[in-house]
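Okay, here's what each chain looks like letter by letter:
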Amino acid sequence: MKLNNVVDKLIREGIPDGNKAIEDSMRRSLPYEEQASDLEISPALPPTDEIGGFKVRPGNYLQNGAMEVPGGVNFTIYSSHATSCELVLYHRKATKPFGVIPIPSSYRIGQVWSIIVFGLNVEEFEYAYRVDGPNDPGRGLLFDKTKELLDPYAKAVVGQRKWGAQQERGGTYNGSYRARVVKNNFRWDTSHFPNTPMEDTIIYEMHVRGFTKDPSSGVTYPGTFAGIIEKIPYLRRLGVTAVELMPIFEFDEVNNGHEYHGKRLYEYWGYNTVAFFAPNTSYAASAEYNREGRELKEMIQLLKENGIEVILDVVFNHTAEGNERGPFISFRGLDNNIWYMLTPDGKYYNFSGCGNTLNCNHPVVQQYIIDCLRYWVTSYHVDGFRFDLASILGRDSNGKPMENPPLLQRMAYDPILGNIKLIAEAWDAGGMYQVGSFPAYNRWAEWNGKYRDCMRDFLKGNFWTAPEAAQRMIGSTDLYYGVYKGYTSSVNFLTCHDGFTLYDLYSYNSKHNEANGWGNTDGANDNRSWNCGFEGDTDDPQVLSLRFRMMRNAITALMCSRGTPMILSGDEFANTQFGNNNGYCQDNEISWLDWKLLEKNHDFFDFYCSVIGFRKKHPCISRNMEPAESGVPSLVISGADPDDHFISKDTSALGVLFSGYDEAREKDDVVYIILNTLWKGQKVRLPSLPEGHAWGMCINTADPDGKYYYDEPVYMQVTSFIMTERSICVFTMI
């Protein structure tokens, strides 16, 4: 596949919104083969020995993994307890190695083996290791010299190219994983990092495959990084400033896969990492032998040129090796008792819910994680990371929470990661819940699970949650406070990959995960959802009208809350998963976005875009500003009467006022949001304004004429009115 085809398609169909940058950048960066390497390679060193017919010499001990050097390839690997190490070389897809090189003990410094093998063409071989050492399961030592191990620093994993092709590894590769050497010859047109402040960031969470895999996406290369490239004009239209990609590190989707009712189920989400330095090759539209990652880099570059940052969802809490019955991939066969948290009898602690737990605060594992993050920042220019089950990163080797976790501190102060967004999912499967108390070192933000839970309750009519809802809307000041750890710490969301979509949130009272094959026992039961009177799909116009009003309420409340908003891909056009709130195994219409809904629900999409645009136009929502020159208070919370500032469990209409002086526009910016989540209308009054000013309505989610968003604020001739049940209105000072 040539990305020229994507360019031609965009040119043929027209590139809206001034996206000529996409065409120009693609033209510049193709073909990749003609690009010079950015690496400066020192002159070749002579071989010093010959082993098994291969000329060799001691390698570069500080360069982990495998990389091309003048005249050959440098291989470096380390293990604290190993007694010997062999490098195993295969021709492409061969069942037997063409070379096995025992690395001499004289080539070992400390616990590191390093060797340069001369005469190797990186395009003609694959490699693995065999490592020997003590086998004492009670002490957590599981060395087995018959097992072939994947290089932990592998930049590409072979046999993973075709999605779902179990026969490649199970047949040609005999169930083991091998690595490939990658040429680092992608030339970035710019090293620019947008560094969008958290206050201005709007995150769009997506699954690379599911985003465009459905034929309705209309892209040339569905389910790939190239497919996302084709949707850049769409993302610009939507108005998001960052995409958060669900795991793109190499994972094996056929692990734990099985048939259920005639459908193949996969490890679709990708939260079982096989190789932390390697991109998932099945997400590339074409084979990238020895240049793995080039399409991903092109996608990142083009997104950045269009003002969209790239955040990676990373999984350092466990690996695909699983529990005692899991496979040997790499860590288990290198230093099992270092890489994993083990019980006194050598079993695996399971704070991840996935069979094992990485021993993240061991110095060796710490360094590995830091190396990995630095690699993705320097080689792929990513803008941030979201850490899955991040509370595990703060546990010691016995699983106990640490007051000052060294790994989290190192990430917070690492110079390469200095401007990179660090976002924690501040809980784990072992019961540790740290929302508001995660060790942040004034650097970390958090997925605010308390925002999700409280606002779901409040928006569906549980008005007795109003006191907490007020806190969530003003930046969760009860959780995040101080000069540095303020509202920028809170990533606000109502939906994410894990749970109901926005449409399903108001279409189902209960989860419907039967298709997962677990008898509907998997997935969360605490959904805080409401089906608006009918469970599931319906043609009832009254039910549908209410559902879309509830969705308008949700996105309006989210975009009018202080903190960084995150939205789930597809929510903007009411995508559904048919009530499945745990689609981790569903590589089909359950998880793929149905782009036909974009046309069907285009009015809702337009509203969604407009509300995102409204947030961008009114910085007083997202940040503390200089006081308004008109004297309007910077922040006011009230009930239906703006003079009633006591919010209680009887408060059923919640008002929030933000204001400040907008230096860029040289005028005051004042926004007032009023939420009536009650099941009946009620009288509300607008706050008083200084003489010469009035309120203009910008949003009314229950507008009887179906307009909902007004490009020009509608002058309010009255200061009190009966507000429709289950609706939100937003005003600005004019």
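Residues numbered from 1 in each chain as written. Predicted model: local features only at pLDDT ≥ 70, side-chain atom pairs only at ≥ 80, totals over all residues. Heavy atoms only, no water.

Chemist: Let's hear about the sheet that holds strand E24 (residues 635-638): which residues, and what values?
Modeler: The strand order E24-E25-E26-E31-E28-E29 describes an open sheet built from 6 strands, whose pairing is antiparallel. This sheet does not close on itself; its edge strands, each paired only once, are E24 and strand E29 (709-715). Taken pair by pair, the neighbouring strands of this sheet meet at an average axis angle of 20°, ignoring direction. One ladder, built from 5 bridges, connects strand E28 (residues 695-700) with strand E31 (residues 727-733); its direction is antiparallel. (Pairing = 2+ DSSP bridges. Helix = DSSP H or I, 4+ residues; strand = E, 2+ residues; numbered from the N terminus. Axes fitted to C-alpha atoms, helices over the stretch in contact; angles between N-to-C directions.)

Chemist: Requested: an account of the sheet that holds strand E19 (residues 384-387), with residues and values cited.
Modeler: As summarised here, the arrangement of the 8 strands in space is E12-E13-E18-E19-E20-E21-E22-E23, forming a closed barrel in which the pairing is parallel. Looking at each pair of strands side by side, their axes are set apart by 25° on average, direction ignored. Against the sheet, helix H10 (residues 406-413) touches E19, strand E20 (421-424) and strand E21 (444-447), its axis set at about 115° to E21. (Contact = heavy atoms within 4.5 Å.)

Chemist: Outline the environment of Leu689, listing residues and values.
Modeler: With respect to the element layout, Leu689 can be found in the loop between strand E27 (682-685) and E28. Between the C-alpha atoms of Leu689 and Gly631, which are 58 residues apart in sequence, the distance is 8.9 Å. Leave out the neighbours within four places in its chain, and Leu689 touches Val632, Ala694, Trp695 and Met733.

Chemist: Which residues make up the pairing of E21, and what values go with them?
Modeler: Strand direction decides the pairing type here: E20 and E21, joined by 3 bridges, are parallel. In the sheet register, Leu422 faces E21, and the bridge partner there is Trp444.

Chemist: Go over helix H11 (residues 449-459) with me, naming the residues and quoting the values.
Modeler: Burial analysis of H11 places 10 of its 11 residues in the buried class, which makes it a mostly covered element. All of the buried residues in H11 are Gly449, Tyr451, Arg452, Asp453, Cys454, Met455, Arg456, Asp457, Phe458 and Leu459. Looking at where H11 begins, the residue whose side-chain oxygen comes 3.2 Å from the main-chain nitrogen of Lys450 is Asn448. Looking one or two places after H11, you find Gly461, whose phi comes out positive at around 120°. (Buried < 20%, exposed > 50% of the residue type's maximum accessible area, 1.4 Å probe, protein only. Polar contact = N/O pair within 3.5 Å; in protein donor to acceptor, adjacent residues only side chain to side chain.)

Chemist: Tell me what's going on with the pattern of salt bridges, and back it up with residues and numbers.
Modeler: Pairs can form between side chains of opposite charge once their charged atoms are near each other. One pass over the full model with this rule turns up 30 salt bridges. Between Arg294 and Glu288 there is a salt bridge, with its nearest N and O atoms 3.8 Å apart. According to the relative accessible area criterion, Arg294 is buried, its value standing at 13%. The class of Glu288 is buried, set by a relative accessible area of 8%. Notably, a salt bridge pairs Lys304 with Asp383, separated by 2.6 Å at the nearest N-O pair. Of this pair, Lys304 sits in helix H7 (residues 294-305) while Asp383 sits in the loop between helix H9 (363-380) and E19, and the two are 79 residues apart along the sequence. Considered together, Lys304 and Asp383 belong to a single accessibility category, that of buried residues. Each of Glu126, Arg178, Arg180 and Glu292 takes part in one network of salt bridges that share partners. (Salt bridge = Lys/Arg side-chain N within 4 Å of Asp/Glu carboxyl O.)

Chemist: Account for the packing of H7 against H9, with residues named and values stated.
Modeler: Taken N-terminus to C-terminus, the directions of H7 and H9 make an angle of 70°; their axes are 10 Å apart at the nearest point. Regarding the angle of H7 to H9, the classification is roughly perpendicular. The segment H7 lies against H9, with Leu296, Lys297 and Ile300 engaging Trp376, Ser379 and Tyr380. Counted by class, the contact of H7 with H9 contains 4 nonpolar, 1 polar and 1 charged residues. (Parallel < 35°, antiparallel > 145°, perpendicular 65-115°, else oblique. Nonpolar A, V, L, I, M, F, W, Y, C, P; charged D, E, K, R; others polar.)

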